[in-house]
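Chain and residue survey
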Amino acid sequence: MRSEAEKKSIVKSIKLSPSQVQQIEEKANEKNMTFSSYMVDCALHNNQGITPQIAVKYQELVNMVQEIADNINRNDYVRKEELRRKADDLCELFHSVTPIEKYENLKRKMGLFIEGGLDVWESLK
């Protein structure tokens with residue numbers, strides 16, 4: 001649930017020409033946004049191109065790639081790790097990583113390295 005500070009309760013009006021309204025509506029439709037949310041997004045994010053909606057879609061994509069990587073056959077370790085690394089790289093574009101997160105990521109990668117080494121060892125026996 002949103003906090004009181006996040007609730008949209010203030011209404012402001014602006015003057016636009018009909019052509020400006022049409023252009024803004026077209027751009028909002030291209031991004032699957034409402035007129036109002038598009039205007040707020042452009043004002044707050046300086047039309048940087050990465051909207052909260054886009055960030056959510058990227059996160060969903062990263063989650064799906066991670067899930068696919070988890071289901072790749074254990075024998076295809078290199079491909080699995082390449083896919084996981086690319087998903088992590090994409091995810092890191094959208095939020096900064098704290099030192100604790102870096103440490104946890106390193107622990108996970110070490111665990112994967114050990115797991116891969118055990119698989120190699122088993123295949124050599």
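Residues numbered from 1 in each chain as written. Predicted model: local features only at pLDDT ≥ 70, side-chain atom pairs only at ≥ 80, totals over all residues. Heavy atoms only, no water.

Notes on the overall build of the chain
Helices and strands together make up the secondary structure of the chain, namely five helices and zero strands. The order of helices and strands in the chain, counted from the N terminus, is α-α-α-α-α. The buried share of the chain, taken over its 125 residues, is 18%. Intrachain contacts of the chain at a sequence separation of at least 6 include 33% that bridge at least 24 residues. As presented, the chain carries roughly 10,400 Å² of accessible surface, and 58% of it is formed by carbon and sulfur atoms. (Helix = DSSP H or I, 4+ residues; strand = E, 2+ residues; numbered from the N terminus. Buried < 20%, exposed > 50% of the residue type's maximum accessible area, 1.4 Å probe, protein only. Contact = heavy atoms within 4.5 Å. Areas by Shrake-Rupley, 256 points an atom, 1.4 Å probe, with all protein chains shown as cover.)

Considerations on helix α5 (residues 99–124)
In an α-helix, one turn spans 3.6 residues, which is why side chains three or four residues apart end up on the same side. Compared with an ideal rise of 1.5 Å per residue, which puts 26 residues at 38 Å, α5 spans 37 Å between its outermost C-alpha atoms and is within 8% of the ideal. Within α5, the full set of buried residues consists of Asn 105, Leu 112 and Gly 116. Turning to α5, the residues buried within the fold contact α4 (77–92). (Expected span 1.5 Å × (residues − 1).)

Some details on α4
Across its 16 residues, α4 extends 22 Å between first and last C-alpha, which sits within 8% of the 22 Å expected from 1.5 Å per residue. Among all positions of α4, only Lys 80, Glu 81, Arg 84, Ala 87, Asp 88 and Cys 91 are buried. Down the axis of α4, the buried side of the element spans an arc of 125°, and every buried residue falls inside it. Relative to its buried face, α4 has exposed residues pointing more than 90 degrees away, namely Val 78 and Lys 86. The inward-facing, buried residues of α4 contact α3 (52–71) and α5. (Arc of directions from axis to C-beta.)

What about the confidence of the model for the chain?
Atomic detail in the predicted coordinates should be set aside for any region of low pLDDT. Residues at a pLDDT of 70 or more form 89% of the chain, whose mean pLDDT is 78. Per-element averaging of pLDDT across the chain places α5 at the bottom with 76 and helix α1 (residues 18–30) at the top with 91. (pLDDT = per-residue confidence, 0-100.)

Looking at the packing of α4 against α5
One way to put it is that α4 packs onto α5 with a least axis distance of 11 Å and a crossing angle of 170°. Compared by their axis directions, α4 and α5 come out roughly antiparallel. For the pair α4 and α5, the contacting residues are Tyr 77, Lys 80, Glu 81, Arg 84, Asp 88 and Glu 92 in the first and Asn 105, Arg 108, Lys 109, Leu 112, Phe 113, Glu 115 and Gly 116 in the second. (Axes fitted to C-alpha atoms, helices over the stretch in contact; angles between N-to-C directions. Parallel < 35°, antiparallel > 145°, perpendicular 65-115°, else oblique.)

Structural notes on a nonpolar patch on the surface
A surface patch of nonpolar side chains, amounting to about 540 Å² of accessible area, comprises Leu 106, Met 110, Phe 113, Ile 114 and Leu 118. With respect to the helices and strands, the residue Phe 113 is situated in helix α5. (Patch = residues over 30% accessible without salt bridge, like charges linked within 9 Å, V, L, I, M, F, W, Y side chains within 5 Å. Salt bridge = Lys/Arg side-chain N within 4 Å of Asp/Glu carboxyl O.)

Some words on the packing of α3 against α4
Where α3 contacts α4, the two axes come as close as 9 Å, and the packing angle between them is 165°. For the element pair α3 / α4, the angle class is roughly antiparallel. Pair α3 / α4 crosses with left-handed handedness. Within the contact between the two elements, α3 uses Tyr 58, Gln 59, Leu 61, Val 62, Val 65, Gln 66, Ile 68, Ala 69 and Asp 70 and α4 uses Lys 80, Leu 83, Arg 84, Ala 87, Asp 88, Leu 90 and Cys 91. Across the contact of α3 with α4, the residue classes tally to ten nonpolar, two polar and four charged. (Left-handed = near helix turned anticlockwise from the far one by under 90°. Nonpolar A, V, L, I, M, F, W, Y, C, P; charged D, E, K, R; others polar.)

A word on the environment of Arg 85
Secondary-structure assignment places Arg 85 in helix α4. With a relative accessible area of 47%, Arg 85 lands in the partly exposed category. Sequence separation of Arg 85 and Gln 66 is 19 residues, and the distance between their C-alpha atoms is 9.2 Å.

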